[in-house]
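Overview (structure and organization)
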Amino acid sequence: MENSVGSVTVESGWGALQDGTPVARWVLDDGTVRVGLVEHGARLQSLLVPDRDGALADVVLGFAALEPYAGKGRSFGATVGRFANRIAGGRFELDGQSFAVPVTDRGNAIHGGTHPFSEQSWTAHRVEGACGVRFSLLSPDGDNGFPGALSVHVTYLLHEGALTVEYAATTDATTVVNLTNHAYFNLAGDGAGTVDAHLVQVLADRYLPVDETGLPEGEPQPVEGTPFDLREPVPVGYRVDADDEQLRRGKGFDHCFVLADVPAGAREAALAAVVEEPVSGRRLEVRTDQPGIQFFTGGSLAGTLVGKAGVPYGPRAGLALETQGFPDAPNRPGFPTTVLLVGEEFHSLTEYRFTLAP
């Protein structure tokens, strides 16, 4: 479908799951940026962006076929939920009742349990009058231990070089919700080496230190005087190998930065992070209405997965900027709430805007 704001096409036979479920790939093109989206995991599969000479490169890590996404590459570019990041011991309480989510990482639940949103096939529809696609999923009551039937929609819209991702959800029983996208970015292009030379700026005065299992270790702490002070642009490689216990625990950066002292969704999307790649001149601005952003430099990537460019993904092959509520928020009364009540709507907005560095 073509219109004045771009085109939307679908590759209906792009792949199929082991049970035969067909998986389509959708392509958005606004004449400047071209986006590939896959129904399995409602994921961002490709993102072609011009450099300062107009040459296109795919700036997100991922795979040319479905199989890796249904296996060890399940998180790449995926919509993550019901609860992004970690829940301590996979347990939390709501209204005096205890709930348990399968633990999947060092004794904690991470990104939603053993069959999370990233491993499910979503239905997809074009957004009329826009260059966009809306993905929908019904997560039943008890899914991975979470209470309430949750109706979820994720809408990708492309306009003038900016990709907007809008999340919405409603429930029929009190539950917890924390949704994000787990794309890895490399602005030099997929397979172009590490992100060490990327200049990164995160507009946060505080961050959440973590324990040995990746859980928040107490209250937010000031970034000032630490390697986590990214308030001015700094090359990733200058900081990621610093002699710092927190960086060792995260195998580099894998920490939530505090963007605002307000509940999730209570403000308009504001600038949260900026990434620049000096050689290509590509610049990414991330805006969000969420209270946190998880900055992850991919230290756990072990070279066992081969990407679209035929290059294995090792440590720091890409970086993630996951806009979200705080990790383990259901167990931390002092954190912004991630509770969703009947009659309310969870809503969050993230914008990835691509420009050229001045």
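Computed from a predicted model, the values in this text were never measured in an experiment.

Here we look at the overall build of the protein
Helix and strand counts for the protein stand at two helices and 28 strands. Taken against the 2.2 N^0.38 rule, which gives 21 Å for 358 residues, the C-alpha radius of gyration of the protein at 19 Å falls within 12% of a compact globule. Overall, the C-alpha framework of the protein stretches about 55 × 50 × 40 Å when taken along its three principal axes. In the protein, which comprises 358 residues, the share counted as buried stands at 58%. The contacts in the protein between residues at least 6 apart in sequence include a share of 65% that link residues at least 24 apart. Element-wise, carbon and sulfur atoms account for 50% of the exposed surface of the protein, whose accessible area totals about 13,900 Å². Between the averaged position of the 26 positive side-chain charges in the protein and that of its 46 negative side-chain charges there is a distance of 4 Å.

Describing the sheet that holds strand β15 (residues 162–171)
A sheet is described by the order of its strands in space; here nine strands give the open sequence β12-β13-β14-β15-β28-β24-β23-β18-β21, paired in antiparallel fashion. Each edge of the open sheet carries a strand with a single partner, namely β12 (123–126) and β21 (234–235).

A closer look at the packing of aromatic side chains
Tallied over the full model, the rule gives 18 aromatic pairs. Ring centres 5.1 Å apart and planes at 75 degrees place the aromatic pair F63 and Y69 in the edge-to-face group. The exposure class assigned to F63 is buried, which follows from its relative accessible area of 2%. Three or more aromatic residues joined by ring pairs form one cluster here, namely F63, Y69, F76, Y184, F296 and Y313.

A closer look at the environment of V133
Residue placement: V133 occurs in strand β13 (residues 132–139). Overall, V133 belongs to the buried group, its relative accessible area being 0%. Between the C-alpha atom of V133 and that of V8, which follows or precedes it by 125 residues, the distance is 8.0 Å.

Examining the environment of A260
Position of A260 among the secondary structure elements: in the loop between β22 (254–258) and β23 (270–276). Remark: the alpha-carbon pair of A260 and V274, spanning 14 residues in sequence, is separated by 17 Å.

Description of the pattern of salt bridges
Applying the stated criterion across every chain yields a total of 22 salt bridges. We note a salt bridge from R332 to D328, for which the minimum N-O separation is 2.8 Å. Take R332 and D328: they sit in the same class, and that class is buried. A cluster of three or more residues bridged by salt bridges with shared partners is formed by E212, E217, D243, E245, R248 and R249.

Brief notes about the nonpolar core
Counting residues in hydrophobic clusters, the biggest one holds 62 residues, and the most contacted among them are L47 and F257. Discounting chain neighbours no more than four positions away, the residues touching L47 are V33, R34, V35, A57, D58, V59, V60, F185 and F354.

Regarding the environment of A16
Relative to the helices and strands, A16 resides in strand β2 (residues 6–16). Residues A16 and D190, spaced 174 residues apart in sequence, show a C-alpha to C-alpha distance of 24 Å. The residues contacting A16, other than those within four sequence positions of it, are T21, P22, V23 and L66.

Cut-offs used in this document
- Residues numbered from 1 in each chain as written.
- Predicted model: local features only at pLDDT ≥ 70, side-chain atom pairs only at ≥ 80, totals over all residues.
- Heavy atoms only, no water.
- Helix = DSSP H or I, 4+ residues; strand = E, 2+ residues; numbered from the N terminus.
- Rg over C-alpha atoms; globule rule 2.2 N^0.38 Å.
- Buried < 20%, exposed > 50% of the residue type's maximum accessible area, 1.4 Å probe, protein only.
- Contact = heavy atoms within 4.5 Å.
- Areas by Shrake-Rupley, 256 points an atom, 1.4 Å probe, with all protein chains shown as cover.
- Lys, Arg positive; Asp, Glu negative; His and termini not counted.
- Charge placed at Lys NZ, Arg CZ, Asp CG, Glu CD.
- Pairing = 2+ DSSP bridges.
- Phe/Tyr/Trp six-rings, centres within 6.5 Å; stacked < 30°, edge-to-face > 60°.
- Salt bridge = Lys/Arg side-chain N within 4 Å of Asp/Glu carboxyl O.
- Core = buried A, V, L, I, M, F, W, Y, C linked by side-chain atoms within 4.5 Å.

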